[in-house]
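Architecture and fold: a report
What follows is each chain in one-letter form.
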Amino acid sequence: MNSQFALQSLILRTAAHFLLPLLLIFSVFLLLRGHNEPGGGFIAGLVAASAVALYMFAVDVRSAKRVLRFEPRDLMGWGLLVGVISGVPAVFVGQPFFTSQWLELKLPLLGELKVGTPLLFDVGVYLVVIGAVLLILLSLAEAEGKTDHHHGGG
Amino acid sequence: MGVLLAVLSGFVIAAVAPWVHRGLGRHGGWVLAALPAALFIYFASFLPGLGEAEGGRFILEYDWIPSLGIQLSFLVDGLSLLFALLISGIGFFVVAYAGRYLEGHRDLGRFYVLILAFMASMLGLVLSSNLISLFVFWELTSITSYLLIGYNHEDAKARKSALQGLFVTVAGGLALLTGLIMMALVGGSYELHELLTSGDIFREHDWYMGILLLVLLGCFTKSAQYPFHFWLPNAMAAPTPVSAYLHSATMVKAGVYLMARLNPSLGGTEAWMLLLGLFGAVTMFVGVFLSLRSTGIKQLLAYSTVMALGTLTMLIGVGSETAMLAAMAFLLAHSLYKGALFLVAGILDHEAGCKDILQTGGLRRALPVTTAFAGLAALSLAGVLPALGFVAKELLFEAVLEAPALAGLLSILAVVSAMMVVAVAAIIGIRPWYGPRADTPKRPAHEAPPALLAGPVVLASLGLLFGLGAGWVDQGLISWAAAAVYGAPVSPYLSLWHGFNLPLLLSGVSLALGLLLYLNWERFRRFTGFMEVANRYGPEAAYEKSMSGMVWLSGWQTRVLQNGYLRYYLLTILVSTVGLVMVTLFTRTDVNIDLDLSGILVHEAFIVAVLLMAALVSVTTRSRLGAVASLGAVGFCVALIYVLFSAADVGITQVLVETLTVIMLVLVLFRLPGFLGLTPMALRIRDALIALAVGTMMAVLKLAASTTQYADSISDYFIQESQPSGYGRNIVNVILVDFRALDTLGEIVVLALAAVGVYAMIKFRAEDRK
């Protein structure tokens, strides 16, 4: 094992650079289509998290954190906040908390689009799942790197 | 809004008190004391109207939560007015006194907050007509008392005493709450003014004994009745104004108030008379006995307060018209002289630095005014003609002599106690002031300032004036209060002179013997030295033991339940789940398992076979990586089954979760030491059996669930409504984010918490290794 837990494979490393954005876009796609087709916030979050995990294995932990830009802890917090906020609009129209609210938009090129609070909620789920999984994975990998380093490459 | 405003004003002023104190400095005490003074005048204005009010009482109701039909209601009658006047009147002197007594103390602002909040709570308690609001105020007085006893919070003894007082009174409070709710259920109302007229309903109800014991437990702990008396002397750790106010004149009488208040509903039975009479009489005797044994000034006064509380309880138990009059007169007299004497004790401490009676002596020249009014208050305490204490003592003797039960016993105890009280009065009224000048810790340079003297002077003088004008006080207030307790009109009876009769004789005898006892005080303390042994086995020792017992018990159960071994947690959870589910399944339901294997296709059977093999490998392999890999195989097989049975979403999730789990396991694997077969065979067999039992349980449960239908499945509703009201064709997702969004929110919160937990664990381990 090397100190940063990466697999030191040139092919994987090169592939990871391409796969990461593709997988992230795919996760957003899954998130958005989730209401009608298989997908949704939970699955999309897992896909996004696996994408970063792949990058972590292929390159190293520090680069994976840099690519992520946000602290996983913050992602979880924002996700929970978004999730709770999505329940609020219902209160203002006198319905019970979390009753879904929908808006029908007629966009010039895309046609009719329904936007609702459930989508917002799904975004919250998405963020929490990414945050939770990566928080565990990254800190595990980081701790591992440190220990190995300490013991001279274990 | 009058009464409501009167009760709440204390809380409002308490909230701004620190700024008043900061802004006005040493005059803050007098300014803040204006509130109790105004309240006193307000409550006094009710007095003339009592005669015209229906039943001698006013009922005031305010909407509190109108949508639920909950009202905040107040009951103003003789009893509540007597208390309200004492609370606001003595409150005035105490707040003004504290401003000077605690001058320069860095927490004086906080003291004002607490004492005013206490005053408001106490007013709320005695004026409430609603049982629930009464209880809330009751507990508020316990909490403010706790904070005030622990005012010098850097002193470990003060903290300990505060906690002791809180535990004892709040434990009683819990019992009281239960008792009050039971009362409301029996009486069909939470309003005191409705319950008080329906006494027979309670006395004949099966729950009567339960209600009585629970309510009395609350009252006895609050009013420091034997064997719960020990917290009160310890509460003297509080600053002296607090002792004078809470632990003598007002709060400790809350229990007495409630017993008096509920007398029309719960009183008049044999159980009531015996319980109150006996506990009261014993408390009275034990209190005055311990008072005579103490030399600490506040200690001595505290025990004599215990004696007074016992006397009041006993009188309420006796229950006759005379007894009620005696109780109310005694209550008034006691609050006046004991308030005055505590404030005098504070002056002794403040000016001469004396906390113990043996340190004092010959202070009359230095403190002439204090000497005079301490003597006056002591006269009332001793029950010497013409003070109000004398009137009360006469009535007390008359009431116990005519008591319907236990008259002999109560009379003997009352006379012996009265004799000892005379000695106590002499100790506080004579000993510090006369005789040779003692070498006190501080030499008083001059008489105490007006703020400190105002309370003792006025309260002690009132004790004398009310004695002289006993009939007038009786007609104005005491007989109204007694009527509220008695539950029927009471004709005024108080007067200074009832002629030569047995009570007067007993009064004279107790006075003479008491003075004799005072002269032999040191001998008395020496002779009763053996009583120290009782400390080791008394109620306080029992309290200490039960406290340390509770700590031991919680330590023990934590060690057993929270042992820190994951394997034992799992074992406990799994075994109890299997046990409970199986028992319920076979005793409460008729399990009907319909196992039909005919429809299984070849590829399905193949997947199941692979799954089983992978599971077997994962538990038998001797390589960690192999175990992880085969567990992954199990997961993927399960995912495959989901997909086959068209649960695409669940299948995808399973695959992803499985992938990430394997990654995490791999990351963790490297941290573990080499694989060793340390567990003996017997343990492995036990674990295998448990695993099999859990698996069997789940299988049985699943099969039973698919053949038994208790209610219509909700899936049909979701399938129907998903598109029209959820605007989504993916039912699983619509359920997650719309129909059951709140559940999902809970789940993601749990997920986040779990992640934070794992993160903390990893980080702390990493920190440790550095």
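Here the structure is a predicted model, which is why all the values come from computation and not from measurement.

1. Structural notes on the overall build of chain B
When helices and strands are counted, chain B shows 32 helices and two strands. Its C-alpha atoms give chain B a radius of gyration of 36 Å, more than 25% over the compact-globule value 27 Å for 770 residues. Along the three orthogonal principal directions, the C-alpha set of chain B runs to about 115 × 60 × 55 Å. Residues classed as buried in chain B amount to 45% of the 770 residues present.

2. A word on the overall build of chain A
When its secondary structure is counted, chain A shows six helices and two strands. In chain A, the order of α-helices and β-strands from amino to carboxyl end is α-α-α-α-α-β-β-α. Across the 154 residues in chain A, those meeting the buried criterion constitute 45%. Sequence-distant contacts in chain A: of pairs separated by 6 or more residues, those separated by 24 or more amount to 68%.

3. Some words on the UniProt feature "transmembrane region" (unreviewed entry) in chain A
Residue and element names in this part refer to chain A. Residues annotated by UniProt as "transmembrane region" (unreviewed entry) correspond here to residues 12-32, 38-57, 78-98 and 118-141. In this annotation, residues 12-32 is assigned 100% helix and 0% strand; the end-to-end C-alpha distance for the span is 29 Å. This span, residues 118-141, is 100% helix and 0% strand, and a straight line between its end C-alpha atoms measures 34 Å.

4. Examining the environment of Phe500(B)
Position of Phe500(B) relative to the elements: it lies in the loop between helix H20 (470-486) and helix H21 (502-519). Considered as a pair, Phe500(B) and Phe43(B) are 457 residues apart in the sequence and their alpha carbons are 37 Å apart.

5. With respect to the domain arrangement of chain B
Per the domain assignment, the segments making up chain B are domain 1 (280-511) and domain 2 (596-678). In this structure, domain 1 of chain B and domain 2 of chain B have C-alpha centres spaced 84 Å apart.

6. Focus on the confidence of the model for chain B
In the predicted model, chain B carries a mean pLDDT of 89, and the fraction of residues at 70 or more is 98%. Mean pLDDT per element in chain B: helix H23 (residues 532-537) of chain B is the minimum at 74, and helix H9 (residues 208-222) of chain B is the maximum at 96.

7. Focus on the nonpolar core
With 215 residues, the main nonpolar core has Ile115(B), Leu116(B), Ala327(B) and Ala329(B) as its most contacted residues. Setting aside residues up to four positions removed in sequence, Ala329(B) forms contacts with Leu388(B), Val391(B), Ala392(B), Leu395(B), Ile478(B) and Leu494(B).

8. A look at the interface of chain B and chain A
Residue-level contacts link 39 residues of chain B with 45 residues of chain A. Where the side of chain B that touches chain A is concerned, the elements lending two or more residues are helix H28 (648-669), helix H31 (731-739) and helix H32 (741-769) of chain B. Among the elements that take part in the side of chain B that touches chain A, H32(B) stands out by supplying 16 residues, more than any other.

9. Re the confidence of the model for chain A
All names here are of chain A. Per-residue confidence for chain A averages 83 on the pLDDT scale, and 86% of its residues sit at or above 70. The lowest-confidence element of chain A is strand E2 (residues 111-116), averaging 74 in pLDDT; the highest-confidence one is helix H4 (residues 72-85), averaging 93. Overall, residues 148-154 carries pLDDT values under 50, and its contacts beyond four positions in sequence, including any with other chains, amount to 10 contacts.

10. A look at helix H3 (residues 78-101) of chain B
Residue and element names in this part refer to chain B. Taking 1.5 Å of rise per residue, the 24 residues of H3 would be expected to cover 34 Å, and the 33 Å separating its terminal C-alpha atoms lies within 8% of that figure. Where H3 bends most, at glycine 91, the angle is about 25 degrees. The element H3 is extensively covered by neighbouring structure, given that 23 of its 24 residues are classed as buried.

11. Examining H9(B)
Residue and element names in this part refer to chain B. The end-to-end C-alpha separation of H9 is 21 Å, in line with the 21 Å expected for 15 residues at 1.5 Å each. For H9, the tally of buried residues reaches 11 of 15 residues, placing the bulk of the element in the interior. Where H9 is buried, its residues contact helix H6 (156-187), helix H8 (199-203), helix H12 (254-266) and helix H13 (270-293). Immediately beyond the C-terminal end of H9, within one or two residues, lies alanine 224, with a positive phi of roughly 50 degrees.

12. Description of the packing of helix H14 (residues 297-318) of chain B against helix H15 (residues 321-352) of chain B
Residue and element names in this part refer to chain B. Close contact between H14 and H15 brings their axes to 10 Å; oriented N to C, the two are set at 170 degrees. Between H14 and H15, the crossing angle belongs to the class labelled roughly antiparallel. In this structure, H14 uses Ile297, Lys298, Leu301, Thr305, Ala308, Thr311, Leu312, Leu315, Ile316 and Val318 to contact H15, whose residues at the interface are Ala323, Ala326, Ala327, Phe330, Leu331, His334, Lys338, Leu341, Phe342, Ala345 and Leu348. Its residues assigned to classes, the contact of H14 with H15 comprises 16 nonpolar, three polar and two charged.

13. Describing unusual backbone geometry
A cis amide bond links Tyr226(B) with the next residue in sequence, Pro227(B), at an omega value of 0 degrees. One non-glycine residue, Phe98(A), lies in positive phi territory at about 80 degrees. Following the sequence through the fold, Phe98(A) ends up in the loop between helix H5 (89-92) and strand E1 (102-107). In this structure Phe98(A) comes out as buried when scored by C-beta crowding, with 26 C-beta atoms within 10 Å.

14. Considerations on the packing of helix H18 (residues 407-429) of chain B against H21(B)
Residue and element names in this part refer to chain B. Taken N-terminus to C-terminus, the directions of H18 and H21 make an angle of 50 degrees; their axes are 7 Å apart at the nearest point. On the basis of their axis angle, the class for H18 and H21 is oblique. As H18 runs across H21, the sense of the crossing is right-handed. Between H18 and H21, the residues in contact are Val415, Ala418, Met419, Met420, Val421, Val422, Ala423, Ala426 and Ile427 and Leu506, Ser510, Leu511, Leu513, Gly514, Leu515, Leu517 and Tyr518, respectively. For the contact of H18 with H21, the class distribution of residues is 15 nonpolar, two polar and no charged.

Conventions adopted
Residues numbered from 1 in each chain as written. Chains lettered and ligands numbered in written order. Predicted model: local features only at pLDDT ≥ 70, side-chain atom pairs only at ≥ 80, totals over all residues. Helix = DSSP H or I, 4+ residues; strand = E, 2+ residues; numbered from the N terminus. Rg over C-alpha atoms; globule rule 2.2 N^0.38 Å. Buried ≥ 20, exposed ≤ 12 C-beta atoms within 10 Å, placed from the backbone. Contact = placed C-beta atoms within 7 Å. UniProt positions renumbered as here; feature names shortened; annotations may be inferred. Domains from an automatic or database assignment. pLDDT = per-residue confidence, 0-100. Core = buried A, V, L, I, M, F, W, Y, C linked by C-beta atoms within 7 Å. Expected span 1.5 Å × (residues − 1). Bend = angle between axes of the 7 residues up to and from the residue. Axes fitted to C-alpha atoms, helices over the stretch in contact; angles between N-to-C directions. Parallel < 35°, antiparallel > 145°, perpendicular 65-115°, else oblique. Nonpolar A, V, L, I, M, F, W, Y, C, P; charged D, E, K, R; others polar. Left-handed = near helix turned anticlockwise from the far one by under 90°.

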